[in-house]
Amino acid sequence: MSRLGGGSLLLAWQLKGKHVLIVGGGDVASGRVESVLAADARVTLISPSNGLHTLTKSFLNGPYNITYHDRLFGGVEELAGVDLVLTAIDDVAQSRVICGLCRELKIPVNVADIPESCDFYFGSQIRDGPLQIMVSTNGNSPKLANIIRKKVEQSLPEHAGDAITRVGELRVKLKERAPGVGGIIGKRRMRWMIDVCTSWEMEELALLDDQMIRRLLDDGWEKNVVPSPGELGVRSSRQVHDAKPNLTAPSVFVTTLSFVAGAACVGLFLLARRR
């Protein structure tokens, strides 16, 4: 086991409804805006309009919870009621000033391209519905983080995001039937969900609909078993493919039989001539 230390604490920070201030509107800032909007944050953006990236403009024109100020950062008063600050501007000196103000007020801050002025880093992220995966190099090499992210993304199973969504819905319905935290019922509920996730393929879980979820609970949870996907009428594309008749094998058989018959006829004809 390697010695502990030198890393970051990776968290899924719940920003829903929190007030995030973003200073800057260029390329990097547009990515920051996208990330916090995906987390349902309430955003204030400060940047001169002549520096806005196309993507940033699209967010401002969209149905998002963004307050925009067409100007430069004005000072400490901008930080009133703010829960998180992200800066992405070319002015290094101003970025350091903003960082200093945030730390005096105990507001978490990230200053783009200045690792020592960051309380946290933005890693390279994969997002598929509720599935989120982050690759972090602790600010050492964003490019390598991006390369690694792509390799991880290529290895992910298809339908993972949809499967997670449906399993989440199943958990909600299960908790409605068997409420409570901890104890015997909590352990049984956890064990049953584990068995469902390990017994079913990812694509099969993604195909669950409301009716199938009800049947899975009625025929599975209530009887303390895990029905197979086939018992609930779930058929993955692999199963559909396997069920198709194999038309290649008969055709090969017929072709081979025809060849053998033809060869036999030729052999008999030559034998008759020799006689």
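Look a little higher up for the structure.
Bear in mind the structure is a predicted one, so any value in this text is a computation, not a measurement.

Asker: Explain the sheet that holds strand S1 (residues 19-23) residue by residue, including any values.
Answerer: Taken together, 5 strands build an open sheet; the order of strands is S3-S2-S1-S4-S5 and the sheet is parallel. Every other strand in the sheet has two partners, leaving strand S3 (66-69) and strand S5 (109-111) as the edge strands with one partner each. The mean angle between the axes of side-by-side strands here comes to 15°, regardless of whether they run parallel or antiparallel. Bridge count between strand S4 (residues 84-87) and S5: 3 bridges; the pairing is parallel. The residue of S5 that forms the bridge with Val85 is Val109. Most of the contacts of helix H1 (residues 27-38) go to S1, to which it runs at about 170°, and overall it touches S1, strand S2 (42-46), S3, S4 and S5. Running at roughly 170° to S5, helix H3 (residues 92-104) makes contact with S1, S4 and S5 of the sheet.

Asker: I'd like to hear about the environment of Val196, residue by residue, with values.
Answerer: Topologically, Val196 is positioned in helix H6 (residues 183-199). On the basis of relative accessible area, Val196 is assigned to the buried category, the value being 0%. The spacing of Val196 and Pro229 is 33 residues in sequence and 9.9 Å in space, taken between C-alpha atoms. Look past the residues within four positions of Val196 in its chain and what remains in contact with it is Leu170, Leu205, Leu216 and Val226.

Asker: Help me get a handle on the side chain of Ser30, residues and values and all.
Answerer: Along the chain, Ser30 turns up in helix H1. Ser30 has contacts with His53, Leu55, Thr56 and Phe59, leaving out every residue within four places of it along the chain.

Asker: I'd like a rundown of the nonpolar core, residues and numbers included.
Answerer: With 19 residues, the main nonpolar core has Leu170, Trp192, Trp200, Leu205, Leu216 and Leu217 as its most contacted residues. Of all the elements in the fold, those that place two or more residues in this core are helix H5 (160-177), H6, helix H7 (202-206) and helix H8 (210-219). Contact partners of Trp192, with chain neighbours within four places excluded, come to Leu170, Leu174, Leu216, Leu217, Gly220, Trp221, Val225 and Val226. Within the second largest apolar cluster, 18 residues are counted, among which are Leu15, Val36, Val43 and Ile66.

Asker: Describe the packing of aromatic side chains, naming the residues involved and giving the relevant values.
Answerer: Summed over all chains, the structure comprises 4 aromatic pairs. Aromatic side chains Trp13 and Phe120 sit 6.0 Å apart centroid to centroid with 85° between the ring planes, which places their arrangement in the edge-to-face category. Taken together, the positions of Trp13 in the segment before S1 and Phe120 in the loop between S5 and strand S6 (124-128) put the pair 107 residues apart, joining distant regions of the chain. Residue classification places Phe120 among the buried positions, given a relative accessible area of 18%. Ring centres of Trp192 and Trp221 lie 5.8 Å apart, and the angle between their planes is 75°; on these two criteria the pair is classed as edge-to-face. Placement of Trp192 in helix H6 and of Trp221 in the loop between H8 and helix H9 (237-243) is noted, with a sequence separation of 29 residues between them. Just as Trp192 is buried, Trp221 falls in that class too. In this structure an aromatic cluster arises from ring pairing among Trp13, Phe120 and Phe122.

Criteria and thresholds
Residues numbered from 1 in each chain as written. Predicted model: local features only at pLDDT ≥ 70, side-chain atom pairs only at ≥ 80, totals over all residues. Heavy atoms only, no water. Pairing = 2+ DSSP bridges. Helix = DSSP H or I, 4+ residues; strand = E, 2+ residues; numbered from the N terminus. Axes fitted to C-alpha atoms, helices over the stretch in contact; angles between N-to-C directions. Contact = heavy atoms within 4.5 Å. Buried < 20%, exposed > 50% of the residue type's maximum accessible area, 1.4 Å probe, protein only. Core = buried A, V, L, I, M, F, W, Y, C linked by side-chain atoms within 4.5 Å. Phe/Tyr/Trp six-rings, centres within 6.5 Å; stacked < 30°, edge-to-face > 60°.

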